[in-house]
Amino acid sequence: MSDTIRKLASIRKIENISDIPGADMISMATIDGWEVVVKKGDFKPGDHVIYLEIDSWVPSTVAPFLTKSGKTPREYNGVPGERLKTVRFRGQISQGLILNYWNYPEVVNAFHKTRLVNHWENNDFDVTDILGIQKWEQELPANMRGAAKGNFPSFIPKTDSERCISEGTLITTDTGNFPIEYVIKNGIENFKILTYNHSLNLCEYKNILNYSIMRNANNWIKIKTKKGEILVVTTNHKIWNNDINAYREAQEFKVGDKIIKKM
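Rules behind the numbers
Residues numbered from 1 in each chain as written. Predicted model: local features only at pLDDT ≥ 70, side-chain atom pairs only at ≥ 80, totals over all residues. Heavy atoms only, no water. Helix = DSSP H or I, 4+ residues; strand = E, 2+ residues; numbered from the N terminus. Buried < 20%, exposed > 50% of the residue type's maximum accessible area, 1.4 Å probe, protein only. Contact = heavy atoms within 4.5 Å. Polar contact = N/O pair within 3.5 Å; in protein donor to acceptor, adjacent residues only side chain to side chain. Pairing = 2+ DSSP bridges. Core = buried A, V, L, I, M, F, W, Y, C linked by side-chain atoms within 4.5 Å. Salt bridge = Lys/Arg side-chain N within 4 Å of Asp/Glu carboxyl O. pLDDT = per-residue confidence, 0-100. Phe/Tyr/Trp six-rings, centres within 6.5 Å; stacked < 30°, edge-to-face > 60°. Lys NZ or Arg CZ within 6 Å of the ring centre and 35° of its normal.

1. Some details on the overall build of the chain
Each helix and strand in the chain was counted, giving 4 helices and 21 strands. Among the 263 residues that make up the chain, the fraction classed as buried is 38%. Nonlocal contacts in the chain, meaning residues at least 24 apart in sequence, comprise 54% of its contacts between residues at least 6 apart.

Now the structure itself:
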């Protein structure tokens, strides 16, 4: 079973640096399948860096440059800073932020102490708490908050790790069914996707708030329904299970379980 704890900020190793067509000042760094735009010459393959994931709330003390010049930092849970979003530079999607960990003494001390004591060689040393990074969550409008219907089932693990569906998966939108990559390529702001409202027990179209692209080939699972329909998702992608009226990770489903699928 894969690690289900999401590290919003971690020490990772750059796998590759490649040029961006038509761009002289920026390059693309690849880290564990994620692509991040960096300033050309700042990093090289094999460098250990701090990688911050999308939807991290980054304090201004960590990355003041995220706030536009002349603007006041936003605030989340009392912490001035900015939320990391998927952005595009010169046509290249950038998913996250890379920082030089040598610029953060508290990270350097913890990182090297751990390697010295444990002979650490893994590529995911967690520095989320050290840097004060938070997981950004959109606040629901007051009229949508409602009341919780019972406690979260104890037998379903909570996780913030990456959950994805595969390229080619058809997405039901307000203008038709399209592969997920088509929706992204043509602008998520131009589509509303069909969602299931558990409170009202109905399907409704909602705006797409954000997305990220994962090119990691590991930890995928294929689910085949009785009708022969195929769904390919990451092992920890959550799917509604009608038998228990709750979400379960894909890897926890067994033959005979019932899922919600809108055709």
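Moving on from the coordinates now.
2. Section: the side chain of Thr173
With respect to the secondary-structure elements, Thr173 resides in strand E14 (residues 170-173). Polar contacts involving the side chain of Thr173 include one to the main-chain amide nitrogen of Thr175, which spans 3.1 Å. Among the polar contacts listed, one links the side chain of Thr173 to the backbone oxygen of Gly176, at a separation of 2.7 Å. Those residues within four positions of Thr173 in sequence are excluded, and the remaining contacts are Phe178, Val183, Phe191, Lys192, Ile193 and Tyr205.

3. A short note on the sheet that holds strand E11 (residues 97-99)
An order of E11-E5-E1-E12 is seen for the 4 strands of this open sheet, with the pairing classed as antiparallel. Pairing within the sheet leaves two strands with one partner each, and these edge strands are E11 and strand E12 (125-126). Bridge count between strand E1 (residues 9-13) and strand E5 (residues 48-52): 5 bridges; the pairing is antiparallel. Residue pairing in the sheet places Ser10 in a bridge with Tyr51 of E5.

4. A word on unusual backbone geometry
In this structure, Asp55 takes a positive phi of about 70° despite not being glycine. By the secondary structure assignment, Asp55 is in the loop between E5 and strand E6 (56-59). Judged by relative accessible area, Asp55 falls into the buried class, the value being 17%. With phi around 55°, Asn77 is a residue other than glycine that occupies positive phi space. For Asn77, the location among the structural elements is in the loop between strand E7 (74-76) and strand E8 (79-83). Take Asn77: its relative accessible area is 57%, and that puts it in the exposed class.

5. Some thoughts on the nonpolar core
Residues Ile11, Ile50, Leu52, Val107, Val127 and Leu131 are the most contacted members of the largest nonpolar core, which totals 20 residues. Contributing elements (two or more residues each) for this core: E1, E5, E11 and helix H1 (105-118). At 3 residues, the largest contribution of residues to this core is made by H1. Listed in part, the 10 residues of the second largest apolar core include Ile14, Ile31, Tyr51 and Ile98.

6. Notes on the pairing of strand E19 (residues 230-234)
Two strands pair when backbone bridges link them, and strand E18 (residues 220-224) and E19 are joined in this way by 5 bridges, in the antiparallel orientation. Within E19, the position partnered with Trp220 by the bridge is Thr234. Between E18 and E19, which pair antiparallel one after the other, the connecting turn spans 5 residues, and Gly228 there sits at a positive phi close to 90°.

7. Side note on the pattern of salt bridges
What the rule picks out here adds up to 7 salt bridges. Asp47 is the salt-bridge partner of Lys44, the closest N and O atoms lying 3.0 Å from each other. Residue Glu204 is joined to Lys206 by a salt bridge in which the shortest nitrogen-to-oxygen separation is 3.9 Å. The exposure class assigned to Lys206 is partly exposed, which follows from its relative accessible area of 33%.

8. With respect to the sheet that holds E7
Sheet architecture is open: 4 strands sit in the order E7-E8-E6-E13, paired in antiparallel fashion. In the strand order of this sheet, the two ends are held by E7 and strand E13 (134-135), each with one partner. Sheet topology places E6 next to E13; 2 bridges connect them, and they run antiparallel. Bridge pairing in E13 links Ser56 to Lys135.

9. A word on the confidence of the model for the chain
Of the residues in the chain, 79% reach a pLDDT of 70 or more, and the chain-wide mean stands at 79. The lowest-confidence element of the chain is helix H3 (residues 142-145), averaging 45 in pLDDT; the highest-confidence one is E11, averaging 96. Across residues 1-5, where pLDDT falls below 50, the model places 8 contacts with residues more than four positions away in sequence or in other chains. This model gives residues 140-161 a pLDDT under 50, and the stretch forms 27 contacts once residues within four places in sequence are excluded.

10. What to know about the packing of aromatic side chains
A full pass over the atoms with the stated rule returns 7 aromatic pairs. Relative to Tyr76, the ring of Trp57 lies with its centre 5.3 Å away and its plane at 45°, an arrangement referred to as tilted. Taken together, the residues span a long stretch of sequence, with Trp57 in strand E6 and Tyr76 in strand E7 at a distance of 19 residues. One exposure class covers both Trp57 and Tyr76, and it is buried. Ring geometry for Tyr182 against Phe191: centres 6.2 Å apart, planes inclined by 70°, an arrangement best described as edge-to-face. Relative accessible area serves as the criterion here: at 8%, Phe191 is assigned to the buried category. Taking NZ or CZ as reference, Arg83 lies 3.8 Å from the ring centre of Trp136, over its face.

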